[in-house]
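Chain by chain, the residues run as shown.
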Amino acid sequence: MKSSNLSLNRITFTNTSNELSLDYYRQYVKQKNHEQYMYNKNLFSSSTTRYILLVQVHTRVVYLKKFIQMLQEVETINQSLVIFSHDFIHSDINSLITNITFVPVIQIFYPFSQQLYPNEFPGLDPNDCQRDIPKQNRSQKDIHRALAIRCKNAPYPDRYGHYREVSIVQIKHHWWWKLNYVYNSIEILQNRTDHLLLLLEEDFYLSPDALVFLKKMENEKEHLCPTCTFFTLGNLEKSGKQFGKLGSKISVAYWHARFNLGMTISYQFWRLLVKYAEEFCTLDDYNWDWSLVHLAQQRFHFPRVMWSSATRVIHLGSCGIHHKKFCSNVSDIARWKETESFYRTNRKYLFPTTPLSLHTKHENKRLVKQLNGGWSDLRDRQLCLSFAFKDAQNLSAIDIRT
């Protein structure tokens, strides 16, 4: 199968794109997602490839370029499949992906992005309510003011009185869509249920032994933590940098949002998660990880996670959605070089050959006390739910027009 005839060079995409441009790019996304073209297919094995690196990509070209360079240094990467999931279309991003030669690669595109729907839901409808509705007096509630001015989603403020923010809700939508699309719709993966998804973003840095260590955790799971549901390669604790002491150690805890850095999701867990899709999609929390924490505690009986005590994944970016302080690509590239040097310095502690041992086992359960809001719009909940079902294409088409 040849790659799509639709070209990113045919129309230059801008924030003020006309309807012709928008329609072209929507068709481009539809065709690319249907096509599922695999670059370097000669490296892929339909019977033995186990690890699927699922990388959520936004607009950060500098990060992505460094990420791809780093990925080439990860041992056994050529035995994996990398799926890049995009919510922004740009020829520079596309060029970086299509020039990869060392690993099988598939590109998919979130089809309801703000870029593709800039002036209507799921983007920002000009008739939607502002996040914060100006009050005429202190006693007036946002919803009363919203109803008075008749903005479109007036009946649906979140638990804190705010209305949807497109750039924020898109992250949870994209995360949920890509997970379901990979398991439901990537044809080359449909005949097996033993793939393991490793969830990454374009500003993550993997150690050279990340995949080798993941395989070692899997192989030794039965005597280290037979009941563990997740593996996580990252460690946010300061101790995670102590490779001399912890290079061949793992820790165990009840899964929580702090263990989302380089986490894995199995086909079996995804099937369980989809059973609670309605709850995931209606929780008033714009964070996918905190929504998952709620289900883990309320529905999944506190599943356990085994994670690398010495971090094999580091999150470098400081220019994401939660970072309000000044940030720059220059400072992040500096951090990238520091991390590269860090792993080079600790090279002798990577690729442990002795059996893994338990560093810590946490028995405390960090209960969720409250939801974070930001996810109350009925349209978001309907769109989210439509992604969970393979044959729900018509539902999403209806939802985004309401």
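Residues numbered from 1 in each chain as written. Predicted model: local features only at pLDDT ≥ 70, side-chain atom pairs only at ≥ 80, totals over all residues. Heavy atoms only, no water.

## Here's the deal with the overall build of the protein chain
The number of helices and strands found in the protein chain is 14 helices and 12 strands. Long-range pairs, those at least 24 residues apart, make up 80% of the contacts in the protein chain with a sequence separation of at least 6. If you sum the accessible surface of the protein chain, you get close to 19,200 Å²; carbon and sulfur atoms cover 49% of it. (Helix = DSSP H or I, 4+ residues; strand = E, 2+ residues; numbered from the N terminus. Contact = heavy atoms within 4.5 Å. Areas by Shrake-Rupley, 256 points an atom, 1.4 Å probe, with all protein chains shown as cover.)

## Regarding the side chain of R304
Its location among the elements puts R304 in strand β10 (residues 304–308). A polar contact of 3.0 Å, which involves the side chain of R304, links it to the side chain of Y254. (Polar contact = N/O pair within 3.5 Å; in protein donor to acceptor, adjacent residues only side chain to side chain.)

## As for the pairing of strand β2 (residues 51–57)
Of all seven residues in β2, seven are buried; the element is thus mostly enclosed. Direction of pairing for β2 relative to strand β5 (residues 196–201): parallel, over a ladder of six bridges. Within the sheet, the bridge partner assigned to I52 lies in β5 and is L197. Where the polypeptide runs from β2 across helix α2 (residues 61–71) and back to strand β3 (residues 81–86), its parallel neighbour, the crossover connection is right-handed. (Buried < 20%, exposed > 50% of the residue type's maximum accessible area, 1.4 Å probe, protein only. Pairing = 2+ DSSP bridges. Right-handed = clockwise from strand over helix to strand, strands pointing away.)

## Examining the confidence of the model for the protein chain
Taken as a whole, the protein chain shows an average pLDDT of 89; of its residues, 87% reach a score of 70 or greater. Predicted confidence is poor over residues 392–402, with pLDDT under 50, and the contacts of this stretch with residues over four places away or in other chains come to 19 contacts. (pLDDT = per-residue confidence, 0-100.)

## Side note on the packing of aromatic side chains
With the rule as written, the count across this model stands at 28 aromatic pairs. Aromatic side chains F230 and F269 sit 4.8 Å apart centroid to centroid with 70° between the ring planes, which places their arrangement in the edge-to-face category. Of this pair, F230 sits in strand β7 (residues 228–232) while F269 sits in helix α9 (residues 267–275), and the two are 39 residues apart along the sequence. Each of the two residues, F230 as well as F269, counts as buried. Taken together, the ring pairs connect Y110, F112, Y117, W177, Y181 and F387 into an aromatic cluster. (Phe/Tyr/Trp six-rings, centres within 6.5 Å; stacked < 30°, edge-to-face > 60°.)

## Section: the sheet that holds strand β12 (residues 357–361)
With mixed pairing, four strands are arranged side by side in an open sheet as β7-β10-β8-β12. Among the strands making up the open sheet, the edge pair consists of β7 and β12. Within the sheet, the average angular offset between the axes of one strand and its neighbour, ignoring direction, is 30°. As paired strands, strand β8 (residues 249–254) and β12 are joined by four bridges and run parallel to one another. Directly across from K249, in β12, lies its bridge partner S357. (Axes fitted to C-alpha atoms, helices over the stretch in contact; angles between N-to-C directions.)

## Re the sheet that holds strand β4 (residues 105–109)
Ordered by their spatial adjacency, six strands build an open sheet running β1-β4-β3-β2-β5-β9, and the pairing between neighbours is mixed. Because the sheet does not close on itself, it has two edges, and the strands there are β1 (38–39) and β9 (264–266). The strands that α2 touches are β2, β3 and β5; relative to β3, the one it contacts most, it runs at about 175°. Along the sheet, helix α3 (residues 91–98) makes contact with β1, β3 and β4, crossing β4 at roughly 155°.

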